[in-house]
Amino acid sequence: MTKAFVVGHPIAHSRSPLIHGHWLAEHGIAGTYERIDVAPERFPEFLRTLRERGFAGGNVTIPHKEAAFRLVDALTPRAEKIGAVNTVFFDADGRLWGDNTDAPGFIAHLDQSLGADWPERTGGTALVLGAGGAARAIVVGLIERGLAHIQVANRTRARAEALVALDPRRVAALDWADLPAALSGTGLLVNTTSLGMAGHGALDLDLTPLPATASVADIVYVPLETPLLAAARARGLAAVDGLGMLLHQAVPGFSKWFGVEPRVTPALRDRLVADLVGR
Ligand code: NAP
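Residues numbered from 1 in each chain as written. Predicted model: local features only at pLDDT ≥ 70, side-chain atom pairs only at ≥ 80, totals over all residues. Heavy atoms only, no water.

**Some thoughts on the pairing of strand 7 (residues 125-129)**
Strand residues, when the strand is regular, have side chains that alternate between the two faces of the sheet.
Alright, step 1. A large share of strand 7 lies buried, amounting to 5 of its 5 residues.
Alright, step 2. Of the two faces of strand 7, the one carrying Thr125, Leu127 and Leu129 and the one carrying Ala126 and Val128 are both buried.
Alright, step 3. One ladder, built from 5 bridges, connects strand 7 with strand 8 (residues 149-154); its direction is parallel. Each residue of the ladder has a partner; that of Thr125, found in strand 8, is His149.
Alright, step 4. Traced from strand 7 through helix 7 (residues 133-144) to strand 8, the parallel crossover comes out right-handed. (Buried < 20%, exposed > 50% of the residue type's maximum accessible area, 1.4 Å probe, protein only. Helix = DSSP H or I, 4+ residues; strand = E, 2+ residues; numbered from the N terminus. Pairing = 2+ DSSP bridges. Right-handed = clockwise from strand over helix to strand, strands pointing away.)

Below you can see the structure in the form of structure tokens.
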């Protein structure tokens, strides 16, 4: 029996058990994936005793991602760049590795939604709104996918500037006030702020200057159709929702722990959508 987990504080809201439970059933694997609530002061001990409690690994979420980054035995190059860990697994020598799967999750969802040639269609340009943890992962993903010109606009400009160091030849910081002017040269617009999320403020941005070929992605998935995505669709632009990133970021962890590469299918997505809208 292979055991995996998602650890956070709080953790009741996590949809990861639904995703991994779906794949365990689909592949007939005798495994478990459980939610574990661990307060920050107990997190180091939690990680240290994983092996003796029989876990193959698991997911790490708020507020433990930076602590996991410091506490694991080894980091993947991607986790090292992002500075946060959302997936842990053991290697054959019993060393605990930390990975960050948000970047490949975001990119895999774009590939599936827009077709694998989307980087060419964007002209190699992206504009990322926000500079928090998720933005950092997404900028790393866009760099890895070869985009040549990535602009980052954030309410707090210093945080956008911190992302420039990821690749100063390709990443530039922008003032929030200069957003409208930047849109006309943008092939891919990505919202990584919490604006547009249920219970948060609205993202007030007129999309009119975006080129007719532009695509718009929002990583907020509650609601699934954010006002930003609705505005993009109203303009006839390709719109990519945040749920796919959540589904695709789960794939590498499941593969590591259970030895099978699962697929993100319409049936899985439908289960998550039903859960999100409370059906
Ligand atoms: P975070 O580190 O707390 O960053 C929040 C970002 O939102 C910062 O850039 C912040 O700007 C900005 N922001 C917040 N309130 C704002 C406002 N009123 N006006 C302008 N900007 C504002 O959070 P995170 O972990 O990056 O997550 C961000 C969002 O992505 C959340 O909604 C989260 O649910 C979602 N997310 C989705 C997925 C997925 O799989 N789809 C994965 C991860 C995260 P400042 O720096 O100025 O504070």
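What follows picks up the thread again.
**Structural notes on the domain arrangement of the protein chain**
Alright, step 1. As far as domains go, the protein chain holds domain 1 (2-100 + 250-278) and domain 2 (103-244).
Alright, step 2. Each partner contributes to the interface: domain 1 provides 9 residues, whereas domain 2 provides 14 residues.
Alright, step 3. In total, domain 1 and domain 2 occlude about 1100 Å² of area from one another, counting both sides; carbon and sulfur atoms represent 60% of this.
Alright, step 4. Taken together, the links from domain 1 to domain 2 amount to 3 salt bridges.
Alright, step 5. Of the charged contacts in the structure, one is a salt bridge between Lys81 and Glu144, with a shortest N-O distance of 3.9 Å.
Alright, step 6. Between domain 1 and domain 2 we count 4 residue pairs in polar contact (both at pLDDT 80 or more) in total. (Domains from an automatic or database assignment. Contact = heavy atoms within 4.5 Å. Buried area = accessible area lost by both parts, 1.4 Å probe. Salt bridge = Lys/Arg side-chain N within 4 Å of Asp/Glu carboxyl O. Polar contact = N/O pair within 3.5 Å; in protein donor to acceptor, adjacent residues only side chain to side chain.)

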